[in-house]
Amino acid sequence: MTGKRFWSWLAVTFGGLYFLLPLVGMFDFSMRMQRGAYSFEAYRVVLADPRFQQTFGYSVVLALLTIVLGILIVVPTAYFVRLRFPGLRPIIEFITLLPLVIPPIVIVFGYIRIYNTSSILPLTGSWWGTNILLLFGYVVLSLPYMYRSVDTGLRTIDIASLTEAAQSLGAGWARILTVVILPNVFVSVLSGAFLTFAIVIGEYVFAALLNVNSFGPYMVWMGGNRAYEPSALAVIAFAITWACMGLIQLFTRFSIFSIVRR
Amino acid sequence: MAFLDIQHLEKAFGAMRVVKDFNLGVEKGEFVSFLGPSGCGKTTVLRMVAGFETPTSGAICIEGRNITGLPANRRNIGMVFQAYALFPNLTVEENIGFGLKVAGEGKAATRSRVGEMLELIGLPQLGGRYPFQLSGGQQQRVALARALAPRPQVLLLDEPLSALDAKIRISLREEIRRIQRDLGITTIFVTHDQEEALSMSDRVVVMHQGIADQVGTPFEIYNRPTTRFVAQFVGSLNLLDANVVDAAAGKVLLGDVPVSLNRPLLGRSGERISLAARPEIVTLGRSDGDHVVLAGRIADVHFLGSVIRIRVAVEGGLLSLDTFNQPDRPPPLLGTPVEVSVSHRDLLVLAA
Ligand SMILES: Nc1ncnc2c1ncn2[C@@H]1O[C@H](COP(=O)(O)OP(=O)(O)O)[C@@H](O)[C@H]1O
Ligand SMILES: [Mg+2]
C-alpha cells in the first residue's frame, strides 16, 4: 500500500467513525431497556404509544400536503422563469435560498406577529388556521430544496422546444405542464419531495411555537421525560431520513426518464 | 389571395430589425423553401407563422382568415424542429398521437391514425419505442409524423435535416418530399443548404438580412438570379470586373479586352459592373456563334473524379469551369494558354 493510499483510507475511516460511532452508541443504548438483555423493548413501547402514532401520522400527512403544495408552486414558477424570464432566475434562486439564511425561529415569530388573534387575518386563532400556517411555513422551508432540484431537472430538457412542439399540436398550459414538463422532471421533483419529507417529519421550531402536536415536539417531549425511548425514536427518525435518501437514489437510477437523458 | 398569405411582415427585437417587409403567397399544396445564410431571419418568419413570435407589424392569413393574433395552439399548423423535440417520456405512438389526444379524438380513431402515420414514415414496428431508442433520422421521421397526424393546414420545418449526417440527410430529403406530395400539404421548409432548397422545392425564397431577395422556382433562382446576393449565395459563381463602354449596345471592357454582350444593359456608360457565369456554362476552347471568347492561362486543376474543375486566369479575374472526365483526354497542365467561351445569353450582369 502506498503512502498516499494509506492517508486517504485514514481520512475516510476517521470521517466514517465520526458519523457512525454516535449512531452505534445510540442504537446500542436503545437496545438496553430490559436489564441484562438486548431487546427491541424500547421500540415496542414507542411504536405502541398512541401519541407516537397520532403525532407521526399527523406529520406524515402534513409532509405530503407540503410536497403537493410545493410542487404546485415550484414547478410552474421554475418553468415560466426559465421559459419567459431567464433574467429573473438569479433573483428567484436567491429568494428561494432565504429560508436557509433566515433562522426558522425568526420566520415563525414573523408569522405569529402578522397572523396573531388581533390581526386582520387571525390564522393562529383557529385549528384550521394554525395548520394552514404551519403548512405554508413548511412549504417555505422546503423551497431551497424543491426549487433547486426542479430547476436542475428543467435544465436537462429543452423546455423551449418541447413547449413549442406541444403548443403547435394544440396543447394549452395546463396540459403542457402536466403531460410534458412534470413527467420529464419527475425524478428531480421526487428528490426534492423526499428531502421535504425528511425535513417536515422532524421539524420542531415551527410546530412548537405554533403549539401543534406533531412528531418533532413529541420527540423533544420524549427526550425530556424518558430514558431509552428517545434513543429508539432517534434511530427511527434516522431510518426514515435514510430511507428517503435511498429512495431518491433508487428513483434516479432506475427511472426510464433518467435513461432518457443519457 | 394565396392559401397562406404573408403581407408586409416585420419583426424587430429591440432596435434590431430582423425581418423587413416580408411578402409571400404560398399556394395550397405548394412546397416553399426559405433559403439564406444563418441569421438572416428565416426562423423568425417561420416562428411568426407558427405563432411563437408576435410580428411587429404585418399580417398572416390562411385561407383568407387573419391568424396574426391567434395563439400558437389554436392555429392548426404542424411544426418540425431541428432538434426533433420529441417528448422523451412518451413512446413513439404516444408522441404521434399527442395532437389527436389534445384534439379530443377518440381512442380507436387515434390508434388507426397513428398506425397510418407509422406506415407513412416507414417505421410500423417501432411504435412502442421511446425516442432515446431511435436514431436521429428515425426521431426526425417520428417528429414529422407527429406534426402531420392532426391534419394541419400548413406544415413548417425549421432546418429539420441539419442535425443528421450526410447520407440520411439525402434520403430523408426525398422522403419528406414524397410524403408532402402524397398528402398534398402546404409546406414551408427552412434551410441554409442550397442543394436542399433547390432539389426539394416548388419555389424558393432566398432571404438576405431579413429581406426576401428573390422568390422563384429553383430553375429561375439558379439561372436568373436578380440580385448579386442571390447569384453568389446559390450555386458557385465566377465574377469578373468590367466597365460599361456603351450601355445601349451592350459593350463592356474586361480589363482592356472589349466584349460585346449583344443586349442593352441597365447601367450607365463608364459604370463598373460584374459579369457572372456559372462554372458549367463556361467551356474550354473557342466556340463560335453568340459566344464571348476570352484568352487566359490554366491557373488550377482539381481532378474530382467524374468532374474536373479548372480555374483559368483571364482579364478581370479567375474563371472556374467544370468539364467531365474523359479517359482519353488528361486534364490540361498548369500555365497552358487556353481560350474559354461563354454564351452571351448566359452571362449575367450584376451591379458591382
Ligand atoms: N428572441 C430573440 N431576441 C433577440 N434577437 C433575436 C431573437 N431571435 C432571433 N434573433 C436575432 O434575429 C436574427 C435572425 O435570427 P433567425 O431568424 O434565427 O435567423 P436564421 O434562422 O435565418 O438563422 C439573428 O440576428 C438573431 O440573433
Ligand atoms: Mg434558424
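No experiment lies behind these values; they were computed from the predicted model shown.

Caption draft 1: Representation of the overall build of chain B. Of regular secondary structure, chain B possesses eight helices and 20 strands. Going through the 352 residues of chain B one by one, you find that 48% of them count as buried. Of the contacts made within chain B by residues no fewer than 6 positions apart, 66% connect residues no fewer than 24 positions apart. Computed over 37 positive and 37 negative side-chain charges, the inter-centroid distance for chain B is 5 Å.

Caption draft 2: Inspection of the UniProt feature "domain: ABC transporter" (unreviewed entry) in chain B at higher detail. Those residues carrying the UniProt feature "domain: ABC transporter" (unreviewed entry) are residues 4-234 of chain B in this numbering. The annotated region residues 4-234 of chain B carries 36% helix and 26% strand content, and the separation between its end C-alpha atoms amounts to 25 Å.

Caption draft 3: Structural context of the interface of chain B and chain A. Contacts between the two partners involve 21 residues from chain B, matched on the other side by 20 residues from chain A. Carbon and sulfur atoms make up 70% of the area that chain B and chain A hide from each other, which totals about 1900 Å². Of all residues in chain B, B:Asn73, B:Asn89 and B:Phe132 give up the largest surface area on contact with chain A, accounting jointly for 28% of the area buried on that side. Inspection of the chain B/chain A interface yields one salt bridge. Its salt-bridge partner being A:Glu164, residue B:Arg47 comes within 2.7 Å of it at the nearest N-O pair.

Caption draft 4: View of the packing of helix 3 (residues 50-83) of chain A against helix 9 (residues 186-202) of chain A. Residue and element names in this part refer to chain A. Between helix 3 and helix 9, whose axes approach to 9 Å, the crossing angle comes to 140 degrees. Judged on the interaxial angle alone, helix 9 and helix 3 are oblique. Read as a crossing pair, helix 3 and helix 9 show a hand that is right-handed. Of the residues in helix 9, those in contact with Phe56, Ser59, Val60, Leu62, Ala63, Leu64, Thr66, Ile67, Ile71 and Val75 of helix 3 are Val189, Ala193, Thr196, Phe197, Val200 and Ile201. Looking at side-chain class alone, the contact of helix 3 with helix 9 contains 13 nonpolar, three polar and no charged residues.

Caption draft 5: Local environment of the pattern of salt bridges. Tallied over the full model, the rule gives 22 salt bridges over all chains. Note that B:Arg177 and B:Asp202 form a salt bridge whose closest N and O atoms lie 2.7 Å from each other. Taken together, the residues B:Arg177 in helix 5 (residues 166-183) and B:Asp202 in the loop between helix 6 (194-200) and strand 9 (203-208) connect sequence positions 25 residues apart. Where B:Asp241 meets B:Arg272, a salt bridge forms, and the shortest distance between an N and an O atom there is 3.8 Å. Linking B:Asp241 in strand 11 (residues 238-246) with B:Arg272 in strand 14 (residues 272-277), this pair joins segments that are 31 residues apart in sequence. The class of B:Asp241 is partly exposed, set by a relative accessible area of 40%. Overall, B:Arg272 belongs to the partly exposed group, its relative accessible area being 47%. Each member of the salt-bridge network shares a partner with another, and the members are A:Arg82, A:Arg89, A:Glu93, A:Arg148 and A:Asp151.

Cut-offs used in this document
Residue numbers here run from 1 along each chain, matching the order of that chain's written sequence. Lettering for chains starts from A, numbering for ligands starts from 1, and both go in the order in which the items are written. For a predicted model such as this one, the threshold for reporting local features is a pLDDT of at least 70, and the threshold for listing and counting side-chain atom pairs is 80 or more; totals across whole chains, interfaces and linings nevertheless cover every residue. With hydrogens and water set aside, each side-chain value is computed from the structure's full complement of heavy atoms. Under the DSSP-based scheme used, a helix requires at least four consecutive residues in state H or I and a strand at least two consecutive residues in state E, with every element numbered from the N terminus. Between buried and exposed lies partly exposed: a residue is buried under 20% and exposed over 50% of the maximum accessible area for its type, with that area taken using a 1.4 Å probe on protein chains only. Should any heavy atoms of two residues lie within 4.5 Å, those residues are counted as being in contact. For the purpose of counting charges, residues Lys and Arg are taken to be positive, whereas Asp and Glu are taken to be negative. His and the chain ends are not included. Positions of charges follow a simple convention, taking NZ of Lys, CZ of Arg, CG of Asp or CD of Glu. UniProt positions are given in the numbering used here, feature names are shortened, and annotations may be inferred rather than shown by experiment. Accessible area that two parts lose when put together, evaluated with a 1.4 Å probe and summed over both, is termed the buried area. Any carboxyl oxygen of Asp or Glu within 4 Å of a side-chain nitrogen of Lys or Arg constitutes a salt bridge here. All axes are obtained by fitting lines to C-alpha atoms, using only the stretch in contact for helices, and the reported angles, taken between N-to-C directions, cover 0 to 180 degrees. In these notes the angle categories are as follows: under 35 degrees is roughly parallel, over 145 is roughly antiparallel, 65 to 115 is roughly perpendicular, and the rest is oblique. Two helices that cross are described as forming a left-handed crossing if the nearer one is turned anticlockwise from the farther one by less than a right angle, and a right-handed crossing if clockwise. In this classification, the charged set is Asp, Glu, Lys and Arg, the nonpolar set is Ala, Val, Leu, Ile, Met, Phe, Trp, Tyr, Cys and Pro, and all remaining amino acids, among them Gly, are polar.

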